[in-house]
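Fold and geometry: a report
Each chain, letter by letter, is given below.
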Amino acid sequence: MSDFEQLTQALARNLRHWRGERRFTLDALAARAGVSRGMIIQIEQARTNPSVGTTVKLADALGVSITTLLDHDRTPRVHVVLPGQAVRMWSTDAGSGASMLLGDDRRGPVEMWSYRLEPGEGTDSDPHPSGTFEMLHVTAGELTLHIAEERYAVPAGGAVSFEADVPHAYRNEGPAPMEMTLAVSIPPVSGA
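Residues numbered from 1 in each chain as written. Predicted model: local features only at pLDDT ≥ 70, side-chain atom pairs only at ≥ 80, totals over all residues. Heavy atoms only, no water.

What about the packing of aromatic side chains?
Following the criterion strictly, the structure yields three aromatic pairs and no others. Summarising the aromatic geometry, the rings of W113 and Y115 are spaced 6.0 Å apart at their centres and angled 45° between planes, so their arrangement reads as tilted. The burial state of W113 is the same as that of Y115; both residues are buried. Taking the centre distance of 5.3 Å and the plane angle of 55° together, the rings of Y115 and Y170 count as tilted. Of the two residues, Y115 sits in strand β3 (residues 110-117) while Y170 sits in strand β9 (residues 168-171), which places them 55 residues apart along the sequence. Like Y115, the residue Y170 is buried in the burial classification. (Phe/Tyr/Trp six-rings, centres within 6.5 Å; stacked < 30°, edge-to-face > 60°. Buried < 20%, exposed > 50% of the residue type's maximum accessible area, 1.4 Å probe, protein only. Helix = DSSP H or I, 4+ residues; strand = E, 2+ residues; numbered from the N terminus.)

Some thoughts on the sheet that holds strand β7 (residues 150-155)
The four strands are arranged β4-β9-β6-β7 in an open sheet whose pairing can be described as antiparallel. The sheet is open, and its two borders are formed by β4 (122-125) and β7, each paired with just one other strand. Taking the axes of each pair of neighbouring strands and ignoring which way they run, one obtains an average angle of 15° across the sheet. Where strand β6 (residues 142-147) and β9 come together, four bridges link them in antiparallel fashion. Residue T144 lies in a different strand from β9, and its bridge partner there is R171. (Pairing = 2+ DSSP bridges. Axes fitted to C-alpha atoms, helices over the stretch in contact; angles between N-to-C directions.)

Quick word on the nonpolar core
Counting residues in each nonpolar core, the largest one holds 41 residues, and the members touching the most others are L58, W113, L143 and Y170. Ranked by residues supplied to this core, first place goes to helix α4 (residues 52-62) with five residues. Excluding residues that lie within four positions of it along the chain, L58 makes contacts with L15, L29, A33, V35, I40, I43 and L69. (Core = buried A, V, L, I, M, F, W, Y, C linked by side-chain atoms within 4.5 Å. Contact = heavy atoms within 4.5 Å.)

Here we look at the pattern of salt bridges
Under the criterion given, the structure shown has six salt bridges. Between D27 and R37 there is a salt bridge, and its shortest N-O distance comes to 3.1 Å. Here R37 lies in helix α3 (residues 37-44) and D27 lies in helix α2 (residues 26-33), a separation of ten residues in the sequence. Note that E179 is salt-bridged to R116, the shortest N-O span being 2.5 Å. Taken together, the residues span a long stretch of sequence, with E179 in strand β10 (residues 178-185) and R116 in strand β3 at a distance of 63 residues. When its relative accessible area of 30% is taken as the criterion, R116 is described as partly exposed. (Salt bridge = Lys/Arg side-chain N within 4 Å of Asp/Glu carboxyl O.)

Bear in mind that shape data such as this cannot, by itself, settle questions of function.
In structure tokens, the structure reads:
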């Protein structure tokens with residue numbers, strides 16, 4: 001089985017598990033996530049590979065990390081991710097991209113991401129559930145962070161934290177590649 005097939009199967013299995021754990025019907029999860037019932041059925045049957053945005057919406061609605069939905073081999077106490085083993089979530093032809101490094105749900109969903117944005121590129125994020133908190137550290141270049149209507153310049157070596165329940169975007173408006181590590185803390189979700 002290829003890595004892609006493993007990922008699709010893990011997502012199907014984990015989505016069914018967490019939907020059952022939260023006691024959400026298909027309709028309840030569809031309404032919470034803003035994802036169609038038909039799409040959820042296709043994902044749970046491993047007949048489609050959803051976009052990163054759809055996966056984020058489902059994870060947020062379930063109150064789990066994306067890693068939890070994609071993980072096919074969870075380790076209970078120590079989880080080492082070696083170079084090259086992070087889950088590549090998106091990329092562009094120019095070289096920008098984001099990888100999920102780690103995620104854990106033992107004490108509320110927490111995710112760690114690695115981002116690289118080439119000059120002139122960026123990515124938008126829909127608002128996360130109320131109480132979601134993000135922290136990031138820029139390791140190269142300069143990040144232009146858009147939060148609602150405000151812009152913040154974060155140079156290499158700088159860090160920022162913010163409530164992520166509003167639209168936000170990460171942009172590289174500088175001349176050199178921008179790299180950062182991002183941590184996301186999502187509030188737990190109780191059943192319907």
